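Chain residues, written in single-letter form:
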Amino acid sequence: MGLEEIVESLGGEIINVGKPVKTVTQAVKATKASTRQIIKSIVLISEKGPILAIVDGESKVSLEKIKQHFGEVRLATPEEVKEVTGFEVGGVSPVGIEIKTIVDPRVLENEFVIGGGGRIDKLCKLSPKKIVEYQKAEIIEIRE
């Protein structure tokens with residue numbers, strides 16, 4: 001199943017922005033959503049394999065907090081991101097990637113969130129609860 005089908009099956013939508021959206025600021029401008037409603041899907045490489053870490057747009061991922069759960073961890077290189085997810089940096093979707101997923105609880109305070117849509121010129125709008133269900137994600141406080 002392709003990303004668009006997954007997002008639609010979860011009651012979400014793909015937003016075709018028509019120009020590159022690589023930062024939280026660009027996503028806010030493109031969608032008129034708040035910074036808290038934008039999510040960042042960050043690919044990490046840990047001792048226990050790759051991890052997809054999802055935080056809200058105001059937060060940074062804390063490698064220290066993640067290390068407490070998964071041992072040594074680092075940011076994936078752009079090549080590793082593409083290899084692990086099939087997406088380029090900036091286009092990583094919060095769903096449809098078959099790796100361990102962890103979501104910061106603050107993400108769940110939103111009715112909907114906007115994240116990567118598979119390409120740098122697309123975003124997806126989804127319920128964070130559906131992201132957690134679909135990815136079988138763990139809810140762990142991972143923001144700095």
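Shown above is the structure to which this text applies.
None of the values given here were measured: they were computed from a predicted structure.

What counts, and where the lines are drawn
- Once a new chain begins, its residue numbering starts again from 1 and follows that chain's sequence as written.
- Residue-level local features of this predicted model are given only where pLDDT is at least 70; pairs of side-chain atoms are given and counted only at 80 or more, and the full residue set underlies all totals for whole chains, interfaces and linings.
- Excluding hydrogens and water, the side-chain values take into account all heavy atoms of the structure.
- As used here, the term nonpolar core means buried Ala, Val, Leu, Ile, Met, Phe, Trp, Tyr and Cys residues forming a set that is joined through side-chain atoms within 4.5 Å.
- Partly exposed describes any residue whose relative accessible area lies between the buried limit of under 20% and the exposed limit of over 50%, with all areas from a 1.4 Å probe on protein chains only and scaled to the type maximum.
- Secondary structure elements follow DSSP: runs of H or I no shorter than four residues count as helices, runs of E no shorter than two count as strands, and numbering proceeds from the N terminus.
- Note on contacts: a residue pair is in contact if any heavy atoms of the two residues lie within 4.5 Å.
- Any pair of N or O atoms that falls within 3.5 Å is considered a polar contact. Within protein, one atom must be able to donate a hydrogen and the other to accept it, and sequence-neighbouring residues count only if both atoms are side-chain atoms.
- Under the pairing criterion, centres of Phe, Tyr and Trp rings, with the six-membered ring standing for Trp, must be within 6.5 Å; the plane angle then separates stacked pairs below 30 degrees from edge-to-face pairs above 60, leaving the rest tilted.
- As a reminder, the over-ring test applies to NZ of lysine and CZ of arginine, requiring each to be within 6 Å of the ring centre and within 35 degrees of the ring normal.
- Should DSSP find at least two bridges between two strands, the strands are taken to pair.

1. Notes on the nonpolar core
Among the nonpolar cores identified, the biggest contains 24 residues, and Val7, Leu52, Ile54, Val92, Val95, Leu126 and Ile131 are the most heavily contacted of them. Taken together, the elements giving at least two residues each to this core come down to α1 (3-9), β2 (39-46), β3 (49-56), β7 (122-126) and α5 (128-135). Here this core gets three residues from one element, more than from any other, and that element is α1. Not counting residues up to four positions away in its chain, the partners in contact with Ile54 are Ile39, Lys40, Ser41, Pro94, Thr101, Ile102, Val103, Asp104, Val107, Ile131 and Ile142. Core analysis: the next-biggest nonpolar cluster, separate from the first, contains 11 residues, Ala53, Val55, Ile102 and Ile142 among them.

2. Focus: the side chain of Ser46
Residue placement: Ser46 occurs in strand β2. Ser46 gets classed as buried once you look at its relative accessible area, which sits at 9%. A polar side-chain atom of Ser46 sits 3.0 Å from the main-chain amide nitrogen of Lys48. Polar contacts involving the side chain of Ser46 include one to the main-chain carbonyl oxygen of Gly49, which spans 2.7 Å. The residues contacting Ser46, other than those within four sequence positions of it, are Ile51, Phe70, Glu72 and Val73.

3. What to know about unusual backbone geometry
In the Ramachandran plot, Lys32 falls in the positive-phi region, its phi being about 65° despite a non-glycine side chain. Considering the arrangement of structural elements, one finds Lys32 in the loop between α2 (24-31) and β2.

4. Concerning the packing of aromatic side chains
Each aromatic ring pair is summarised here by two numbers: the centre-to-centre distance and the angle between the ring planes. Applying the stated rule across the entire model yields zero aromatic pairs. Above the plane of the ring of Phe112 lies Lys125, whose end atom (NZ or CZ) is 4.1 Å from the centre.

5. Brief notes about the environment of Leu44
As for its placement among the helices and strands, Leu44 is situated in strand β2. Those residues in contact with Leu44 that lie beyond four places of it in its chain are Gly49, Pro50, Ile51, Ala53, Val61, Leu63, Ile66, Val73, Arg74, Leu75 and Ala76.

6. Observations concerning the side chain of Asp56
The residue Asp56 is located in strand β3 in this model. Take Asp56: its relative accessible area is 0%, and that puts it in the buried class. Of note is the side chain of Asp56, whose polar atom sits 2.9 Å from the backbone nitrogen of Glu58. The contact partners of Asp56, leaving out residues within four places of it in the chain, are Arg36, Ile38, Ile39, Lys40, Arg106, Val107 and Arg143.

7. Quick notes on the environment of Ile66
Locating Ile66 in the fold gives a position in helix α3 (residues 63-70). Classification of Ile66 as buried rests on a relative accessible area of 0%. Sequence separation between Ile66 and Ile140 is 74 residues; the distance between their C-alpha atoms is 8.6 Å. Sequence-distant contacts of Ile66, that is, excluding residues within four places in its chain, are made with Leu44, Ile51, Ala53, Val61, Gly71, Val73, Ile102 and Ile142.

8. Considerations on the pairing of β7
Of all five residues in β7, four are buried, a share of seventy percent or more. Where strand β1 (residues 13-16) meets β7, four bridges bridge the pair, whose relative direction is antiparallel. The residue bridging Ile15 from the neighbouring strand is Leu123, located in β7. Of the pairings in the sheet, the one linking strand β6 (residues 113-116) to β7 comprises four bridges and is antiparallel in character. Each bridged residue has a counterpart across the sheet, and for Gly116 the counterpart in β7 is Leu123. Hairpin connection from β6 to β7: five residues lie between these consecutive antiparallel strands, with Gly118 at a positive phi of about 95°.

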